[in-house]
Amino acid sequence: WVSDPSGLGFSLLIGVIASVLFMAVAGAVVYRILVRPWLGSPNAELTVIMTTIAGAMFAENLALYIFGGRLKVLDQAITGTVMLLGTTIQAQNLLGIILSPILLGSLAIFLKRSKYGLAIRAIAQNREVAQLMGIRIEAMYVTTFAVSAILAGTAGVMFGGLFSLGPSMGTDPL
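Bear in mind that the values here come from a model prediction, so they are computed numbers and not experimental data.

### Considerations on helix α3 (residues 91-113)
With 23 residues, α3 ought to run about 33 Å at 1.5 Å a step, and its terminal C-alpha atoms sit 32 Å apart, in line with that. All of the buried residues in α3 are A91, Q92, L94 and G96.

The following block contains the structure:
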């Protein structure tokens, strides 16, 4: 919508940045609304799974209402084809192949070497001890949801130029 000529009409780069920022905020909001109220309650894991599935259904129907049911196609970040080892591949596919391990490696470095990553891993191992050590559990949960939403948004932008986008995109595994 940001980079669509019928929308705001900005460049694809501005659209990608807006998408990543929107997804970070959306991840934090999803945590605050759908996850936080259930933490500490009996059967919290199952309740959180059910509420996030319900939230995904709500988001899908909201997108249907706002944007309509027709499929949309994003502009490709890189157009054209590349000859690689005797095989022709779309440049956008190659970008996805290259960017995916870079993002995964960046996530691994973030989790292994940053203060936030250490805190996230400590919480995953033992929430109570991490809290006693002074780790702000709430802030780390919001950070975790924001980072995962950023990665999902980046994947959506990367492959949105290859496939048609629709509100139910990505819900097939559910």
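### Side note on the packing of α3 against helix α6 (residues 137-160)
A packed helix pair is summarised by two numbers, namely the angle formed by the two axes and the spacing between the axes. For the pair α3 and α6, the least separation of the axes is 10 Å and the interaxial angle reads 170 degrees. Relative to α6, α3 is oriented roughly antiparallel. Between α3 and α6, the contacting residues are Q92, L95, G96, L99, L103, L107 and F110 on the first element and T143, V147, L151, T154, V157, M158 and F159 on the second. A per-class count over the contact of α3 with α6 returns 10 nonpolar, four polar and no charged.

### A look at helix α2 (residues 44-67)
Over its 24 residues, α2 extends 34 Å from the first C-alpha to the last, a length consistent with the 34 Å expected when each residue adds 1.5 Å. On its buried side, α2 packs onto α1 (12-35). Where α2 ends, the next residue or the one after it, G68, has phi of about 85 degrees, a positive value.

### Quick word on unusual backbone geometry
One non-glycine residue, N43, lies in the positive phi region at around 60 degrees. Mapped onto the elements, N43 comes out in the loop between α1 and α2. Phi at L85 is positive, roughly 55 degrees, even though this residue is not glycine. Mapped onto the elements, L85 comes out in the loop between β1 (81-84) and β2 (87-90).

### A short note on the packing of aromatic side chains
Taken as a whole, this structure holds two aromatic pairs when the rule is applied. Seen from their ring centres, Y31 and F145 are 5.5 Å apart, and the 50 degrees between their planes marks the pair as tilted. With Y31 in helix α1 and F145 in helix α6, the pair connects residues that are 114 residues apart, well separated along the chain. On the accessibility criterion, Y31 (0% relative accessible area) is buried. Every member of this aromatic cluster is reached through a ring pair, and the members are Y31, Y141 and F145.

### Some thoughts on the layout of surface pockets
If you add up the space inside the second largest pocket, you get close to 160 Å³. Lining the second largest pocket are K115, Y116, L118, A119, A122, I135, R136, A139 and M140. If you list the elements that add at least two residues to the lining of the second largest pocket, you get α4 (115-125) and α6. The biggest single contributor to the lining of the second largest pocket is α4, with five residues. When the residues that make up the lining of the second largest pocket are grouped by side-chain class, the tally is seven nonpolar, no polar and two charged.

### Overview of the pairing of β1
The sheet contact formed by β1 and β2 spans four bridges and is antiparallel. In the strand pairing of β2, T81 is matched with Q90. Between β1 and β2, which pair antiparallel and follow one another directly, the connecting turn spans two residues, one of which, L85, has a positive phi of 55 degrees.

Calculation criteria
- Residues numbered from 1 in each chain as written.
- Predicted model: local features only at pLDDT ≥ 70, side-chain atom pairs only at ≥ 80, totals over all residues.
- Heavy atoms only, no water.
- Helix = DSSP H or I, 4+ residues; strand = E, 2+ residues; numbered from the N terminus.
- Expected span 1.5 Å × (residues − 1).
- Buried < 20%, exposed > 50% of the residue type's maximum accessible area, 1.4 Å probe, protein only.
- Axes fitted to C-alpha atoms, helices over the stretch in contact; angles between N-to-C directions.
- Parallel < 35°, antiparallel > 145°, perpendicular 65-115°, else oblique.
- Contact = heavy atoms within 4.5 Å.
- Nonpolar A, V, L, I, M, F, W, Y, C, P; charged D, E, K, R; others polar.
- Phe/Tyr/Trp six-rings, centres within 6.5 Å; stacked < 30°, edge-to-face > 60°.
- 1 Å grid on protein atoms, 1.4 Å probe; cavity = no way out; pocket = protein on both sides within 12 Å on 5 of 7 lines; lining within 4 Å.
- Points joined across faces, edges and corners; volume = space filled by probe spheres on them.
- Pairing = 2+ DSSP bridges.

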